[in-house]
Amino acid sequence: MGKGFYISKAVAVTCVVVAIAAVATIIALSVVYAQEKSKNEAISPPTTSPDTTTITPTTPSTPKEPWQRYRLPDSLAPVSYNVTLWPRLKTNADGLYIFSGHSTVVFTCVKETDLILIHSNRLNLTAFEGYHAKLKGLDGATAPSLKNTWLEVPTQYLVIQLSGPLQAGSKYELFTEFVGELADDLGGFYRSEYFEDGVKKVVATTQMQPTDARKAFPCFDEPAMKAVFHMTLIHPQETVALSNAMNYDPVNITMDGQKLIQTRFEPTEIMSTYLLAFVVCDFDHTVVSIRIWARRKAIEEGQGNYALEKTGPILSFFENYYNSSYPLTKSDQIALPDFSAGAMENWGLITYRETALLYNPDVSSNGDKEWVATVISHELAHMWFGNLVTMKWWNDLWLNEGFATYVSYLGANYAEPTWKMKDLIVLNEIVGVMAVDALASSHPLSSKEEDIQMPEHISELFDSITYSKGAAVLRMLSEFITETVFSKGLSTYLEEFKYKNTVYTDLWKHLQMAVDKAGIKLPSSVEVIMNRWILQMGFPVVTIDTKTGKITQKHFLLDPDSVVDRPSEFNYEWFVPITWIKTGVERQQYWLVDKEATNNDMMLNANDWLVANVDMRGFYRVNYDAGNWERLLAKLSSQHKDIPVINRAQIIDDAFNLARAEMVNTTLALRTTKFLNKEVEYMPWQTARNNLDYYFLMFDRSEVYGPMQAYIKRQVSPLFNYFKDLTLNWTKIPESHTDQYNQVNAISLACSTGVKGCRDLTTGWFREWMKNSTNNKISPNLKSTVYCSAIAAGGVEEWDFAWSMYKNATIASEAEKLMHALSCTKQPWLLNRYLQYCLDPEKIRKQDATITIIYIASNPIGQPLAWDFIRANWNHIFNDYGGGSFSFGGIINGVTKRFSTEFDYKQLLQFKEDNAGQLGSATTALEQALERTKANMNWVAMNKKQVLEWFTSETSSPV
């Protein structure tokens, strides 16, 4: 699955409080990508005809029965499904949207049993002679009669007890008929709504991952229960039906007096239930074998053209990378108005948020364009890795999503070779997730199978550790065995296990075979090396003493006082591949396999300097002796370009995080930003900004704020003037992709710190737009920062204008920029009104409510308002607004990132106590917030005085 909610780069850099290097980064990263809230009550929508009767579910309470366990027994294995579904795109007499359907599943009995367990959630099943299903034997097998059936709500099963056993080796067929609600909860078979020319349109669509196929029809809803699916959709005239496979010619039919269309689809490949998709809509599409589907107006305006242009090349790249042909006969990609995740890799019918698939060059920024390219690449990578070969169980989700995240940058790099995407993975994924993984409350990449049972356990795995750390360690592995060898191992892995399920050790075996064949020397096997990175949480800080050549490693924790109560069989030691540069020359990689070692080559004389972890290829931080730090600072001051650009960013990021962990002095970290008045590259500036944002979080309501603003103003002024010249007084767009990003940094920081001319520039552009709302001349790349700056400087007139533009925006990426900018106002009453809008889906779509609240909390004026709002409305949000639409963990992280006092801590504890039992997927996030608040309290107490003194000293001295 693609990322959860998307914060565009332009938005992220205008938001002064994103704090990636601080633990506060969790907000943008530990998004729970598709929340599934298991509701403990079955819905009972009206049935389709008077003859259908509803059986009241009863739940036997014998403890430890098979139906009280969350995992299916291994006695049955599905072969194929034949499913017919009829979604109603208009409400019935009771004001409900419903769907009806029937399903036949053919299964093999693997072990003799007198019990059938099949998942079913929130479906009203038709009774046949008092039972919820019909069973018959196939190929001469005789089916035993049904003894008892019921719906086991907590574990989401239809339970069927038989009067006799099913015979091992025999095949059977189970038939069910059902009605469900076509709700707007963004999970299972659900509805999405939008307006076109003032007319409300309804789309029926799906999101099955991880555990919601069971809401569409009864099924064996586990990844290893692969089968072939024969789908049929019944839908209104003037609509089109899509599914994973290509359709046969639709036929006109009449049902219940209605003229309808019946669309049957070719059988799918053998696949998992979570990859199923079906959509009924009146969308249009691009006319080629690779089809992009979207609202008709979006297609007419060419918003699908960029996705179409890049899908073919990215598919070709992966065919070469995997050395495996695209497994299907078609590729459909559809942009949905309402969708909880960024995208979902349904095999042959990938579903997207509109912002992740549609691109309009007149309105969308380069960040929007990059997002489309990387999300498409992520989802297409899954067509092989995840879909053709699938994890056995969700505990290995990290391999599925971490891999797709890593190679999405390779695919996007192929599609857009000038963008430096292989560099940007460091900033977009790796730096941020290190902040999360440096907490004592982090978790290993790989969980034990028995520890991941319930749907909420599965949902909690969709976090930044799974996606971004997974990508980081696989990138590290690819680097030390080489990308060519990595790709060869993948190819044999996919060939051996196609249409099957695997565990992560199967991949290690194939990579080991490729390593052996290539003759690459490693200090141990791939499995032994990698187990230390995936079976224990965290990562090391490697300390190099250039006086002695001594190298040591230890578990890096942002809060040195935090207690790690999770044991590790490896004692928090790693096999660390150390790449390094000595005075500008890259040296031979060194493996640190013990807690400490000595490498005499790393001993330096007075004129030499050393940087380790070249281009941040490894997932670790680096500390040095004081002498080498001073030489690095001197080099940055005199000739910063002698150090590679990623390592200039790394030096800043490592220093700030080491200071947070009390391993170096805070003033050393601050000194790594002094060279920025000569720096024009994006990565060092963005890294510094991310780290300094933590200082804003902690100090923007204290006396430190003034001198800190003055220092940043001094540092950013040359950058602002550089881009003023480069763009010929803001009249042209920089050519480089990363320059376009850094131009946003220059304007955003210059305006927020009061650089002369900046605020007049942005408010002038915005006022010009207000005078002629149909002609927006603001450059798409600059819109986020201009909108935010102008709304912050203005009042209700600017806010209401932006709100009107948001409501009328026909392009999702434009709406997203305005949605963020509306949170920039300094008027508390406007922020409170905006918070209330988050609970009205007519104003803020359910899929956008989480990120809107987080945007508001990112504003220092909005943060306490958002916290009050969450506490006052938690019960409503959790119980009535849940499903796939709210990232509870994301909200908790977003509203608590400024917490740094004893009072804040006590409020968090009270919130935990008040809402015990209804925290769901926010449970882990709340523990992280408590840990982070304690760490913030300690940090402020230790550092406030010296930080104030340093900024004051720097701004009072001449440049």
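You'll find the chain entered in an unreviewed UniProt entry as Aminopeptidase, with Lates calcarifer given as the organism. UniProt, in its Subunit (unreviewed entry) section for the chain, records the words "Homodimer." You can read under Subcellular location (unreviewed entry) in the UniProt record for the chain the words "Cell membrane".

Chemist: Just checking my understanding: could you explain the overall build of the chain for this structure?
Modeler: Along its length, the chain carries 29 helices and 29 strands. Taking 30 Å as the expected radius of gyration for a compact globule of 959 residues, we find that the chain reaches 28 Å, a close match to that expectation. Dimensions of the chain, computed from C-alpha atoms along their principal axes, come out at roughly 90 × 65 × 55 Å. Across the 959 residues in the chain, those meeting the buried criterion constitute 65%. Here the analysis covers contacts within the chain between residues at least 6 apart in sequence; of these, 75% occur between residues at least 24 apart. Accessible surface, the chain as shown: approximately 32900 Å² in total, 49% of it carbon and sulfur. A distance of 4 Å separates the average location of the 89 positive side-chain charges in the chain from that of its 106 negative side-chain charges.

Chemist: Honestly, the domain arrangement of the chain in this entry has me stumped. Any pointers?
Modeler: Many descriptions give the size of an interface as the accessible area lost when the pieces come together. Along its sequence, the chain is carved into domain 1 (67-282), domain 2 (393-535), domain 3 (541-633) and domain 4 (855-958). Its C-alpha centre places domain 2 at a distance of 23 Å from the equivalent point of domain 3. Taken residue by residue, the interface counts 29 residues in domain 2 and 24 residues in domain 3. Between domain 2 and domain 3, the buried area comes to about 2300 Å², and carbon and sulfur atoms account for 72% of it. Applying the counting criterion to the domain 2 and domain 3 interface returns zero salt bridges. Here domain 2 and domain 3 share five residue pairs in polar contact (both at pLDDT 80 or more) between them. Secondary structure elements with two or more residues in the side of domain 2 that touches domain 3: helix H8 (421-437), helix H10 (464-481) and helix H13 (526-534). Its residues placed into classes, the side of domain 2 that touches domain 3 shows 20 nonpolar, four polar and five charged.

Chemist: Sorry if this is basic, but what is going on with the confidence of the model for the chain here?
Modeler: When pLDDT drops low, the exact placement of atoms in the prediction is not to be read closely. Taken residue by residue, the chain gives an average pLDDT of 90. The fraction at 70 or more is 93%. In the predicted structure, residues 4-62 sits below a pLDDT of 50 and forms 210 contacts with residues beyond four places in sequence or in another chain.

Chemist: Just to check I follow, could you spell out the UniProt feature "binding site: Zn(2+)" (unreviewed entry) in the chain for this structure?
Modeler: According to UniProt, the "binding site: Zn(2+)" (unreviewed entry) feature falls on His 378, His 382 and Glu 401. The named residues occupy 24 residues along the chain; their greatest pairwise C-alpha distance, 8.6 Å, places them in one compact cluster. As for its position among the elements, His 382 is in helix H6 (residues 366-382). Residues in contact with His 382, not counting those within four places in the same chain, are Met 1, Glu 345, Asn 387, Asn 400, Glu 401 and Ala 404. Setting aside anything within four residues of it in sequence, one finds Glu 401 in contact with Met 1, Gln 209, Glu 345, His 378, His 382, Thr 466 and Tyr 467. Among the polar contacts listed, one links the side chain of Glu 401 to the side chain of His 382, at a separation of 3.0 Å.

Chemist: Looking at this structure, I do not really get the sheet that holds strand E23 (residues 540-545). What am I missing?
Modeler: Sheet strands pair by backbone hydrogen bonding; their relative direction is either parallel or antiparallel. In space, the four strands of this open sheet follow the order E27-E24-E23-E29, with mixed pairing throughout. Of all the strands in the sheet, the pair left with one neighbour each is strand E27 (596-598) and strand E29 (621-624). Shown here is a sheet whose adjacent strand axes are inclined to one another by a mean of 20°, direction ignored. Of the pairings in the sheet, the one linking E23 to strand E24 (residues 550-555) comprises six bridges and is antiparallel in character. For Pro 540, the partnering residue across the bridge sits in E24 and is His 555.

Chemist: How should I be thinking about unusual backbone geometry in this particular structure?
Modeler: Generally, phi is negative for residues other than glycine and the peptide bonds are trans, each holding for most cases. That bond from Gln 209 to Pro 210 is cis: its omega, 0°, falls within 30 degrees of zero. Secondary-structure assignment places Pro 210 in the loop between strand E10 (199-207) and strand E11 (228-236). Positive phi values are uncommon outside glycine, yet Glu 129 reaches one of about 50°. With respect to the helices and strands, Glu 129 occurs in the loop between strand E4 (123-125) and strand E5 (134-137).

Chemist: Would you mind going over the pairing of E24 with me for this structure?
Modeler: Looking along a regular strand, one sees side chains alternate from face to face of the sheet. Between E23 and E24, which pair antiparallel in sequence order, lie four residues; one of them, Gly 549, sits at a positive phi of approximately 80°. Pairing geometry for E24 and E27, over three bridges, is antiparallel. By the bridge assignment, Lys 550 is partnered in E27 with Thr 598.

Rules used in this analysis
Residues numbered from 1 in each chain as written. Predicted model: local features only at pLDDT ≥ 70, side-chain atom pairs only at ≥ 80, totals over all residues. Heavy atoms only, no water. UniProt positions renumbered as here; feature names shortened; annotations may be inferred. Helix = DSSP H or I, 4+ residues; strand = E, 2+ residues; numbered from the N terminus. Rg over C-alpha atoms; globule rule 2.2 N^0.38 Å. Buried < 20%, exposed > 50% of the residue type's maximum accessible area, 1.4 Å probe, protein only. Contact = heavy atoms within 4.5 Å. Areas by Shrake-Rupley, 256 points an atom, 1.4 Å probe, with all protein chains shown as cover. Lys, Arg positive; Asp, Glu negative; His and termini not counted. Charge placed at Lys NZ, Arg CZ, Asp CG, Glu CD. Domains from an automatic or database assignment. Buried area = accessible area lost by both parts, 1.4 Å probe. Salt bridge = Lys/Arg side-chain N within 4 Å of Asp/Glu carboxyl O. Polar contact = N/O pair within 3.5 Å; in protein donor to acceptor, adjacent residues only side chain to side chain. Nonpolar A, V, L, I, M, F, W, Y, C, P; charged D, E, K, R; others polar. pLDDT = per-residue confidence, 0-100. Pairing = 2+ DSSP bridges. Axes fitted to C-alpha atoms, helices over the stretch in contact; angles between N-to-C directions.

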